[in-house]
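Reading the structure
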Amino acid sequence: PVSLPINQSSPSRPSPTTLSTLLRPFRFDAADSPRLSTLLVIVMAVMRSLVELAVVSTVTASTCCLVHVQAFQIPPTAPLLVPSRPTSTTSLQMNKRAKRKAGGGGGGFGKKVTNLNLRTKKTKPRNPNFVYAGSLRPHDQSPTRIVDPDAVLSIPDYAIDGVPKKTGSSFDIEVKTPEDIAKMRAAGRAAREVLDLAGSLAKAGVTTDEIDAAVHAACVERGAYPSPLNYRNFPKSCCTSVNEVICHGIPDMRPLEDGDMINIDITVYLDGYHGDCSEMFVVGGREALDEAGRDLIQTTYDCWVQSMELVKPGASYNVIGRSIQDHVVPRGYSTVRAFCGHGIGRTFHTAPNIFHYAVNQDLGTMKPGHVFTIEPMICEGLPDPYMWPDDWTATTADGKRSAQFEHTLLVTEDGVEALTGKLESSPLQFWEEESSIRGGMWLGTSERAMERADELNRSKKMKLI
């Protein structure tokens, strides 16, 4: 996902990064301060109206950054956190602009392209006073892994210095050529193979660093470069987001535990094109997860499939976010607004931005040849991201869990096809079997995709809905 800039919290205390927190100069309970609570509700209503009138726009695709003002309504009984004074401004996850020191140094890849010997960026010392929103804590990280350029078909333009050079368009959505589509099918299949491998390792006692090592090796074995590696200095080859982590968790030495929910986000760069997908996995299987966790994953999966079913030529991009929001909110969940899906191809992040919530501005019309991701992040509680000191890991502000799924999608003449769809060797998950939207593996709505899905599901003895 790509995101908007937010205020970075002080290391000494947590601060949900929304406009509403900036209006809270001290700790109080809304129920104990009815007059101030009423004032906050009025201010929130005014700001919400301004947001609805504002133009949702983007800055250049080189920063892949959404300019967006967000406010949320506070439940009347919710305790309000003490805000920290903003000390600096940063951009979340895969849209961070690399900070470069004078003299052209910095971390990331070594300067000799023929060697591509990765040098690990110095890890920030842990701040013992930082207050985490949930129970998860960072663990030690292994050195950044090496990519031999002779072992892959091509490397992305940011591989050496961490700075993307291909910007794509901020507004014009590229229509992929048949050659583009053929290469994106290959990249999508490779991404799916790597994701299935990574998911098979999500077991108790296995560290996310071990998963990253396997992902790195599997990408290179397929002649692909792991796209996240050194993208704006991201230190690993995939993202592993556990429990309350919304996205962009950095793989480390923490062993997974039974009952953990983990999203593994894989992107490969194969022969000049990116393929991007992510999926949830449950450590220990269905029985190891509590009912609330199962409901969260099921709701996230169903809203995702329902939104993808609406993709077709002539459809408005607005239907995606509205469908997701209308599905999850009545069920008591929230959809993250700070991150969005994106166009993809030769460029990692480009137009269009895919919002996972209702937007009143016209976002354009889908056409055959458009390729983009849908990747809703759905939360048990507040949808607001809270940044760890590593400047990458985004957790929920209240420490409650989050879930996400993602496909790279191609708009076809007769519907949509998941370029990162599942394969004959892919596992069938319980949320696919129990989906109220479409039972079994979902590969798209085009004739080609439906035929393939029928074959796969018959082979797994699935009774389709």
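Every chain's residues receive numbers from 1 upward, in the order its sequence appears when written. Residue-level local features of this predicted model are given only where pLDDT is at least 70; pairs of side-chain atoms are given and counted only at 80 or more, and the full residue set underlies all totals for whole chains, interfaces and linings. As a rule here, side-chain values cover all heavy atoms of the structure and leave hydrogens and water aside.

For the rest of this paragraph, the subject is the pairing of strand β17 (residues 350-354). The classification of residues rests on relative accessible area computed with a 1.4 Å probe and restricted to protein chains. Under 20% of the type maximum is buried, over 50% is exposed, and intermediate values are partly exposed. For helices the rule is a DSSP run of H or I covering at least 4 residues; for strands it is a run of E covering at least 2, with both sets numbered from the N terminus onward. For β17, the tally of buried residues reaches four of five residues, placing the bulk of the element in the interior. Between any two strands, pairing holds if DSSP finds at least two bridges. Pairing of strand β16 (residues 339-343) with β17, which is carried by three bridges, proceeds in the antiparallel orientation. Counted as the bridge partner of H342 is N353 from β17. Here β16 folds back onto β17 in antiparallel fashion, the turn holding six residues.

A few words on the packing of aromatic side chains. Classification of ring pairs rests on two measures: the distance between centres of Phe, Tyr or Trp rings, Trp counted by its six-membered ring, which must be within 6.5 Å, and the angle between planes, read as stacked under 30 degrees, edge-to-face over 60 and tilted in between. Applying the stated criterion across every chain, the model contains 13 aromatic pairs. Look at F130 and Y386: their rings are 5.6 Å apart centre to centre, the planes differ by 10°, and that puts the pair in the stacked class. Here Y386 lies in strand β20 (residues 385-387) and F130 lies in the loop between β9 (118-119) and α3 (178-200), a separation of 256 residues in the sequence. Summarising the burial analysis for this pair, F130 and Y386 share the class buried.

With that settled, consider the nonpolar core. Residue types Ala, Val, Leu, Ile, Met, Phe, Trp, Tyr and Cys, when buried and joined through side-chain atoms within 4.5 Å, form a set referred to as a nonpolar core. Ranked by internal contacts, the top residues of the largest apolar core, which has 32 residues, are I297, I320, F372 and I374. For this core, the secondary-structure elements that each account for two or more residues are β14 (273-282), α5 (291-308), α6 (318-328), β18 (371-374), β23 (407-412), β24 (415-418) and α7 (430-433). For this core, the leading source of residues is α5, giving seven residues. Every residue pair with non-hydrogen atoms within 4.5 Å of one another is taken to be in contact. Setting aside its immediate chain neighbours within four residues, I320 contacts S307, V311, I354, F355, M366, F372 and I374. Core analysis: the second largest hydrophobic core is formed by 31 residues, L136, A218, V242 and W388 among them.

To continue, consider a negative patch on the surface. Taken together, E413, D414, E424, E447, E451 and E455 make up a surface patch of like negative charges. Looking at the element boundaries, E447 is found in helix α8 (residues 447-459). Residues enter patches when they are more than 30% accessible in relative terms and free of salt bridges; like-charged ones are connected within 9 Å and nonpolar ones (Val, Leu, Ile, Met, Phe, Trp, Tyr) within 5 Å. The Shrake-Rupley method, run with a 1.4 Å probe sphere, supplies the accessible areas, and residue values consider only the shown protein chains as cover. By definition here, a salt bridge exists when the distance from a side-chain nitrogen of Lys or Arg to a carboxyl oxygen of Asp or Glu is within 4 Å. Positive charges come from Lys and Arg alone, negative charges from Asp and Glu alone, with His and the N- and C-terminal ends not counted. The atoms used to mark charge sites are NZ of Lys, CZ of Arg, CG of Asp and CD of Glu.

A word on unusual backbone geometry. Put simply, A351 and P352 share a cis peptide bond, and its omega is 5°. When you line up the elements, P352 lands in strand β17. The backbone of N243 shows a phi angle near 55°, a positive value even though the residue is not glycine. Checked against the element boundaries, N243 lands in the loop between β11 (239-242) and β12 (245-247). We note that D391 has phi near 70°; this positive angle belongs to a residue other than glycine.

The end-to-end C-alpha separation of α8 is 19 Å, in line with the 18 Å expected for 13 residues at 1.5 Å each. What α8 keeps buried is the set A449, A453, L456 and N457. Seen from one end, α8 has its buried residues packed into an arc of 90°, which puts them on one side. Exposed residues on α8 whose side chains face more than 90 degrees from its buried face are E447, E455, R458 and S459. Against the buried residues of α8 lie β24. Each helix should span, by expectation, one fewer than its residue count multiplied by 1.5 Å. Picture the helix axis, draw a direction to every C-beta atom, and the arc is the one those directions span.

Here we take up the pairing of β23. With six of its six residues buried, β23 lies for the most part within the structure. In the sheet, β18 pairs with β23 via four bridges, with the strands oriented antiparallel. Directly across from V371, in β23, lies its bridge partner L410. Pairing of β23 with β24 involves four bridges; the strand directions are antiparallel. Residue L409 lies in a different strand from β24, and its bridge partner there is A418. Linkage of β23 to β24, two consecutive antiparallel strands, is achieved through a turn of two residues.

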